[in-house]
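# What the coordinates show
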Amino acid sequence: MIRRRAITALMLFVGSVIASGGAYAQTVLYVDPDATTAPNDGSTWCNGFLDLQGALAVATANTTIRVADGVYTPTVPNGDRGDRFQLKSGVELIGGHAGCGAPDPDLRDLVLFQSILSGDLNGDDQTGGDNSENSYHVVTGGAIDATAILDGFIIEGGHANGSNPSDRGAGVFFYPSISSATIRSCIIRDNVATEKAGGMYAYNYSGTMTGCVFSGNTSWRGGGALVWNANPEFVGCLFIGNEATDAGGGVYNQSNTATYRQCRFQGNTGVNGGGMFAYQGTPSIIGSIFVGNDATGGGGMSNQLSSPVIESTVFRDNTSTSSGGGMLNYASSPRVASTVFNGNTATVHGGGVHSLFAGSPSFENCTFAHNSAFLGGGVGNASAQTTVTSCVLWGNSGSGESAQIGVSSGVVTLDYSCVEGLSGQFGGTGNVGTDPLFVDALGVDGAAGTDDDDLSLADTSPSANRGDPTFVPDPGETDAAGEARVQSCRVDMGAYETSAIQLPGDFDADGGIDLADFSAMQACFGTATAGPGWEATCVCVFDSVQDGVLDLEDFATFLTTLDGP
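Source: prediction; values computed, not measured. All residue numbers refer to positions counted from 1 along the written sequence of the respective chain. Restriction of local features to residues with pLDDT of at least 70 applies here, the model being predicted, together with a cutoff of 80 or more for giving and counting side-chain atom pairs; totals for whole chains, interfaces and linings are based on all residues. Only hydrogens and water are set aside when side-chain values are computed; all heavy atoms of the structure are taken into account.

### A look at the overall build of the protein
- On a plain count of helices and strands, the protein comes out with 7 helices and 49 strands.
- All radius of gyration figures rest on C-alpha atoms, and the globule criterion is 2.2 Å times the number of residues raised to 0.38. For a compact globule of 565 residues, the expected C-alpha radius of gyration is about 24 Å, and the protein comes in at 27 Å, within 12% of that figure.
- Overall, the C-alpha framework of the protein stretches about 95 × 50 × 45 Å when taken along its three principal axes.
- For the protein, the share of sequence-separated contacts (at least 6 apart) that also reach a separation of at least 24 residues comes to 74%. Secondary structure elements follow DSSP: runs of H or I of four or more residues count as helices, runs of E of two or more count as strands, with numbering from the N terminus. Should any heavy atoms of two residues lie within 4.5 Å, those residues are considered in contact.

### Topic: the environment of Gly99
- Assignment of secondary structure puts Gly99 in the loop between strand E5 (91-97) and strand E6 (115-118).
- In this structure, the C-alpha to C-alpha distance between Gly99 and Asp69, residues 30 residues apart in sequence, is 7.2 Å.

### Section: the pattern of salt bridges
- One side-chain nitrogen of Lys or Arg within 4 Å of one carboxyl oxygen of Asp or Glu is enough to make a salt bridge. For the coordinates displayed, the defined rule picks out 10 salt bridges.
- Here Asp106 makes a salt bridge to Arg66, at a shortest N to O gap of 2.9 Å. With Asp106 in the loop between E5 and E6 and Arg66 in strand E2 (residues 63-68), this pair connects stretches of sequence that are 40 residues apart.
- A 1.4 Å probe rolled over the protein chains alone gives each residue an accessible area, and that area as a share of the maximum for its type sets the label: buried under 20%, exposed over 50%, partly exposed in between. Judged by its relative accessible area of 10%, Arg66 is buried.
- Residue Glu156 pairs with Arg189 through a salt bridge whose shortest N-O separation is 2.6 Å. Linking Glu156 in strand E9 (residues 154-156) with Arg189 in strand E13 (residues 187-189), this pair joins segments that are 33 residues apart in sequence.
- Owing to a relative accessible area of 9%, Glu156 belongs among the buried residues under this scheme.
- The buried category is assigned to Arg189, whose relative accessible area is 4%.
- Taken together, the shared-partner salt bridges in this structure form one network comprising Arg108, Asp151 and Arg184.

### Section: unusual backbone geometry
- Between Ala38 and the following residue, Pro39, the backbone shows a cis peptide bond with an omega angle of 10°.
- Note on placement: Pro39 falls in the loop between strand E1 (27-31) and helix H2 (52-58).
- For the peptide bond that leads from Tyr175 to Pro176, omega is -10°, which places it in the cis range.
- Despite not being glycine, Ser255 has its phi angle at roughly 50°, a positive value.
- Relative to the helices and strands, Ser255 resides in the loop between strand E23 (251-254) and strand E24 (259-261).
- With phi around 55°, Gln262 is a residue other than glycine that occupies positive phi space.
- Summarising the element assignment, Gln262 is placed in the loop between E24 and strand E25 (264-266).
- The class of Gln262 is exposed, set by a relative accessible area of 55%.

### A look at the state of the cysteines
- Disulfides are defined as cysteine sulfur pairs within 2.5 Å. In this structure the tally under the stated criterion is 3 disulfides.
- The side chain of Cys524 participates in a disulfide bridge whose partner is Cys538; the two sulfur atoms lie 2.0 Å from each other. The sign of the -75° torsion about the S-S bond sets the Cys524-Cys538 disulfide as left-handed. Here Cys538 lies in helix H6 (residues 535-542) and Cys524 lies in helix H4 (residues 515-524), a separation of 14 residues in the sequence.

### A word on H4
- Of the residues making up H4, those classed as buried are Asp517, Phe518, Ala520, Met521, Ala523 and Cys524.
- Think of a polar contact as two N or O atoms within 3.5 Å of one another; within protein, one of them needs to be a possible hydrogen donor and the other a possible acceptor, and neighboring residues in sequence only count if both atoms come from side chains. The N-cap residue of H4 is Asp514: its side-chain oxygen and the backbone nitrogen of Ala516 are 3.2 Å apart.

So this is what it looks like as structure tokens:
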């Protein structure tokens, strides 16, 4: 659990001095528990409402409520546990102001001036009391749209231990109506639910959360958050130190299409899916990191009957006491691209990834290094149909090829990949078994699975420009470091692109122009032979006159460069 003394560091993440709460609406109300002037009608800071509920009660559309530092509860001590702060469409709640008596009462600093929305009605959680009187939900949103804004608050002390639905969403509760509130720069911490979603229960929620922190929340499922039947977007959010006694320590996804962009899942725990659990959905995880999460199955992430899309993401130092240190796929078909699995550990199968039962996981341009397990340090497979294309699997636990890919049953299709100890048992096309020459695999500290490991390829790497020649990047597609996905004629193997230049005519990028390249040149003149998607690579490598087409002139030029078998 994240301790309270770490809150300053978390607040610095979401912005220490934030003045970007959006343009203030025409009507402004002020809330400050230190306001000194009657009648406290909210017209100025020192004439502000003494509690937030008073301002919410009178706020109408096109209203901004500015809130000073202080602790605000939904009701009085020993009051109705069902009371909560209800968001409204057209109303902005902006916390973190200096307030009455300050030289600049409008000054906004989320570290110095913390606006706390607390479910601890008696204020005794930190002084020997218990949470039996705490609010079931601290913040709620019914049928509200994106103009309902919550910006710059700490939300804590919810205790959802009642009957359904008061057993879920202790911190923030969106249910059952469709809602799309906008939440920015908030910390949702130390909330407890007996059933689901200690931090946030997001049912039918399609809003955006930006720069938010979920920490120290606990529940049965979805310690940090549970997102169900929804398509919200989380941007730059942290899920740290949350716990689920069943599944989804950081987040539990169910039947959703949520997007997690540039988020961090760290130190979360659960029985299934320490960092994240996905059930019957297609969430997207882009440019994110899973580090130091723990679970029985799927330390970083666990997927069940799901097809998530995972791009440009890092799974590092996650642990499973069973299978799938980085990721566990149960009858699931995730599409994973430009992603790194580094230093993950499983006791049984699949240190990096384990896929079992029906499902067709695909891994394209991924790097598996320093992962460990009893079978399949890098990739484990049992009864799944797994596709591995343009990947690097090197330095995973054990010896030889089985340490990189361990198959107890099912099928692994391997093409255009670099595999330590390559034996040819998987067949496939374009595979190599030569050291990929990572820039600095263990980093300065000499330890695998730490932040300073550099698993990018040296410019001299034999895996550079050797990936799938049919690969065509989507507009703006990047590698795991945010660099352009293809920088020469052909995509690299692994999660990172190099700036290595591909020699004209050297289709297989082995540093020479030989009969293998001659065969590729012949294939490029017939797409039926080469296969669809080769055109861009063929033209890039063999179009000597750079007129955008391959013709006999290019063929003649190529023959003059042919230097042997």
